[in-house]
Amino acid sequence: MADVKDTDAGAVRNAAASSPLSNPYAGLGIQPPEIEGFQVWQAPPQEGFAEKFKRKTMENPFVPIGCGLTAAALIYGVSTFSRGDSKTGQKMMRARVLAQGFTIGAILLGVVYSGLKGTDKNK
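Now for a look at the structure at hand. From a predicted model like this one, the values you see are computed outputs, not experimental measurements. (Residues numbered from 1 in each chain as written. Predicted model: local features only at pLDDT ≥ 70, side-chain atom pairs only at ≥ 80, totals over all residues. Heavy atoms only, no water.)

Remarks on the overall build of the chain
Piece 1. Looking only at helices and strands, the chain features 4 helices and 0 strands.
Piece 2. N-terminal to C-terminal, the α/β element order of the chain is α-α-α-α.
Piece 3. Residues counted as buried form 11% of the 123 residues belonging to the chain.
Piece 4. The contacts of the chain with a sequence gap of at least 6 include a subset with a gap of at least 24, amounting to 37%.
Piece 5. Of the roughly 10500 Å² of accessible surface on the chain, a fraction of 65% belongs to carbon and sulfur atoms. (Helix = DSSP H or I, 4+ residues; strand = E, 2+ residues; numbered from the N terminus. Buried < 20%, exposed > 50% of the residue type's maximum accessible area, 1.4 Å probe, protein only. Contact = heavy atoms within 4.5 Å. Areas by Shrake-Rupley, 256 points an atom, 1.4 Å probe, with all protein chains shown as cover.)

See below:
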(Lines give C-alpha, C1' and ligand atoms only; values in the text may rest on other atoms or scores of the structure.)
Protein backbone atom coordinates (compact mmCIF):
# COMPACT_ATOMS: atom_id res chain seq x y z
CA MET A 1 0.00 0.00 0.00
CA ALA A 2 2.89 2.36 0.79
CA ASP A 3 4.41 1.56 -2.62
CA VAL A 4 1.25 2.69 -4.41
CA LYS A 5 1.18 6.06 -2.60
CA ASP A 6 4.84 6.70 -3.41
CA THR A 7 4.27 5.78 -7.05
CA ASP A 8 1.20 8.05 -7.32
CA ALA A 9 3.03 10.95 -5.71
CA GLY A 10 5.98 10.44 -8.06
CA ALA A 11 3.65 10.40 -11.06
CA VAL A 12 2.07 13.66 -9.95
CA ARG A 13 5.51 15.24 -9.46
CA ASN A 14 6.69 14.02 -12.88
CA ALA A 15 3.53 15.29 -14.58
CA ALA A 16 3.91 18.68 -12.89
CA ALA A 17 7.56 18.95 -13.89
CA SER A 18 6.91 18.12 -17.54
CA SER A 19 5.02 21.31 -18.39
CA PRO A 20 5.08 24.85 -16.94
CA LEU A 21 1.28 25.05 -17.34
CA SER A 22 0.56 21.53 -16.18
CA ASN A 23 -2.70 20.43 -14.68
CA PRO A 24 -2.44 20.38 -10.87
CA TYR A 25 -5.09 17.64 -10.85
CA ALA A 26 -3.07 15.33 -13.13
CA GLY A 27 -2.77 11.84 -11.69
CA LEU A 28 -5.62 12.33 -9.25
CA GLY A 29 -9.00 10.67 -9.51
CA ILE A 30 -10.92 13.96 -9.46
CA GLN A 31 -10.86 16.75 -12.03
CA PRO A 32 -12.24 20.29 -11.81
CA PRO A 33 -15.68 20.80 -13.35
CA GLU A 34 -15.94 21.82 -17.00
CA ILE A 35 -17.61 25.24 -17.24
CA GLU A 36 -18.85 26.38 -20.63
CA GLY A 37 -17.21 29.61 -21.78
CA PHE A 38 -14.63 29.60 -18.98
CA GLN A 39 -11.01 30.09 -19.97
CA VAL A 40 -8.04 29.70 -17.69
CA TRP A 41 -6.41 33.06 -16.97
CA GLN A 42 -2.75 33.33 -17.85
CA ALA A 43 -0.53 36.03 -16.42
CA PRO A 44 0.75 38.57 -18.96
CA PRO A 45 4.47 38.52 -19.72
CA GLN A 46 6.56 40.36 -17.15
CA GLU A 47 7.81 43.82 -18.11
CA GLY A 48 11.50 44.41 -17.47
CA PHE A 49 13.03 47.50 -15.85
CA ALA A 50 14.16 49.06 -19.14
CA GLU A 51 10.77 48.56 -20.82
CA LYS A 52 8.89 49.99 -17.83
CA PHE A 53 11.29 52.97 -17.56
CA LYS A 54 10.84 53.75 -21.26
CA ARG A 55 7.04 53.44 -21.04
CA LYS A 56 6.80 55.66 -17.96
CA THR A 57 9.15 58.25 -19.49
CA MET A 58 6.99 58.40 -22.61
CA GLU A 59 3.84 58.80 -20.49
CA ASN A 60 5.25 61.70 -18.43
CA PRO A 61 8.56 63.05 -19.78
CA PHE A 62 8.74 65.97 -17.34
CA VAL A 63 9.47 63.75 -14.32
CA PRO A 64 12.86 62.48 -15.56
CA ILE A 65 13.72 66.00 -16.74
CA GLY A 66 12.96 67.34 -13.25
CA CYS A 67 14.98 64.55 -11.64
CA GLY A 68 17.94 65.35 -13.89
CA LEU A 69 17.73 69.07 -13.09
CA THR A 70 17.54 68.29 -9.37
CA ALA A 71 20.58 66.01 -9.54
CA ALA A 72 22.56 68.52 -11.61
CA ALA A 73 21.81 71.39 -9.21
CA LEU A 74 22.72 69.21 -6.22
CA ILE A 75 26.01 67.99 -7.68
CA TYR A 76 27.05 71.45 -8.86
CA GLY A 77 26.02 73.03 -5.55
CA VAL A 78 27.95 70.50 -3.46
CA SER A 79 31.03 70.94 -5.67
CA THR A 80 30.91 74.74 -5.28
CA PHE A 81 30.54 74.36 -1.50
CA SER A 82 33.61 72.11 -1.43
CA ARG A 83 35.60 74.75 -3.39
CA GLY A 84 34.58 77.39 -0.84
CA ASP A 85 32.17 79.37 -3.06
CA SER A 86 29.26 79.48 -0.63
CA LYS A 87 27.32 82.18 -2.54
CA THR A 88 27.02 80.06 -5.70
CA GLY A 89 26.43 76.96 -3.56
CA GLN A 90 23.45 78.63 -1.89
CA LYS A 91 22.02 79.60 -5.29
CA MET A 92 22.38 76.02 -6.48
CA MET A 93 20.62 74.70 -3.37
CA ARG A 94 17.74 77.09 -4.07
CA ALA A 95 17.71 75.93 -7.69
CA ARG A 96 17.62 72.34 -6.41
CA VAL A 97 14.53 73.10 -4.32
CA LEU A 98 12.84 74.68 -7.36
CA ALA A 99 13.72 71.66 -9.49
CA GLN A 100 12.28 69.36 -6.82
CA GLY A 101 9.08 71.42 -6.82
CA PHE A 102 8.93 71.13 -10.62
CA THR A 103 9.35 67.36 -10.34
CA ILE A 104 6.60 67.01 -7.72
CA GLY A 105 4.30 69.19 -9.83
CA ALA A 106 5.01 67.02 -12.89
CA ILE A 107 4.21 63.88 -10.89
CA LEU A 108 0.93 65.35 -9.63
CA LEU A 109 -0.11 66.57 -13.09
CA GLY A 110 0.72 63.13 -14.49
CA VAL A 111 -1.44 61.44 -11.87
CA VAL A 112 -4.36 63.81 -12.55
CA TYR A 113 -3.99 63.33 -16.32
CA SER A 114 -3.87 59.53 -15.93
CA GLY A 115 -6.95 59.64 -13.72
CA LEU A 116 -8.89 61.75 -16.20
CA LYS A 117 -7.74 59.60 -19.11
CA GLY A 118 -8.90 56.50 -17.23
CA THR A 119 -12.40 57.89 -16.63
CA ASP A 120 -12.76 58.76 -20.33
CA LYS A 121 -12.18 55.09 -21.22
CA ASN A 122 -15.00 53.98 -18.91
CA LYS A 123 -17.62 56.13 -20.67
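So, the side chain of Thr70
Piece 1. Here Thr70 lies in helix H3 (residues 62-83).
Piece 2. Of the polar contacts made by the side chain of Thr70, one reaches the backbone oxygen of Gly66; its length is 2.8 Å.
Piece 3. In contact with Thr70, not counting residues within four places along its chain, are Arg96, Ala99, Gln100 and Thr103. (Polar contact = N/O pair within 3.5 Å; in protein donor to acceptor, adjacent residues only side chain to side chain.)

Quick look at the pattern of salt bridges
Piece 1. Evaluated as defined, the whole model comprises 2 salt bridges.
Piece 2. Between Glu47 and Arg55 there is a salt bridge, with the nearest N and O atoms lying 2.9 Å from each other.
Piece 3. Judged by relative accessible area, which is 40%, Glu47 ranks as partly exposed.
Piece 4. Here Arg55 falls in the partly exposed class, since its relative accessible area comes to 34%.
Piece 5. The partner of Glu59 in a salt bridge is Arg55, with the nearest N and O atoms 3.2 Å apart. Separated by 4 residues within a single helix, Glu59 and Arg55 lie in helix H2 (residues 49-59), roughly one turn from each other.
Piece 6. Salt bridges sharing partners connect three or more residues here, namely Glu47, Arg55 and Glu59. (Salt bridge = Lys/Arg side-chain N within 4 Å of Asp/Glu carboxyl O.)

Brief notes about a nonpolar patch on the surface
Piece 1. Residues Phe62, Ile65, Leu69 and Phe102 make up a contiguous nonpolar surface patch of about 390 Å² in total accessible area.
Piece 2. Per-element accounting of the nonpolar patch gives the leading share, 3 residues, to H3.
Piece 3. Considering the arrangement of structural elements, one finds Ile65 in helix H3. (Patch = residues over 30% accessible without salt bridge, like charges linked within 9 Å, V, L, I, M, F, W, Y side chains within 5 Å.)

Here's the deal with the side chain of Asn60
Piece 1. Within the fold, Asn60 resides in the loop between H2 and H3.
Piece 2. Taking relative accessible area as the criterion, Asn60 reaches 16% and is therefore assigned buried.
Piece 3. Setting aside residues up to four positions removed in sequence, Asn60 forms contacts with Ala106, Ile107 and Gly110.

Here we look at H3
Piece 1. Helix length check: H3, at 22 residues, gives a terminal C-alpha distance of 32 Å against a target of 32 Å (1.5 Å per residue), a fit within 8%.
Piece 2. The first or second residue beyond H3 is Gly84, which carries a positive phi of 95 degrees. (Expected span 1.5 Å × (residues − 1).)

A look at the packing of aromatic side chains
Piece 1. Considering all chains together, one arrives at 2 aromatic pairs under this definition.
Piece 2. A ring pair is formed by Phe49 and Phe53, whose centres lie 6.1 Å apart and whose planes are at 20 degrees; its orientation type is stacked. Remark: Phe53 and Phe49 occur in helix H2; sequence separation between them is 4 residues, near one turn of the helix.
Piece 3. For Phe49, a relative accessible area of 71% translates into the label exposed.
Piece 4. When the ring of Phe62 is compared with that of Phe102, the centres are 6.4 Å apart and the planes differ by 90 degrees; the resulting orientation is edge-to-face. With Phe62 in helix H3 and Phe102 in helix H4 (residues 86-122), this pair connects stretches of sequence that are 40 residues apart. (Phe/Tyr/Trp six-rings, centres within 6.5 Å; stacked < 30°, edge-to-face > 60°.)

Nothing here speaks to function; it is all geometry.
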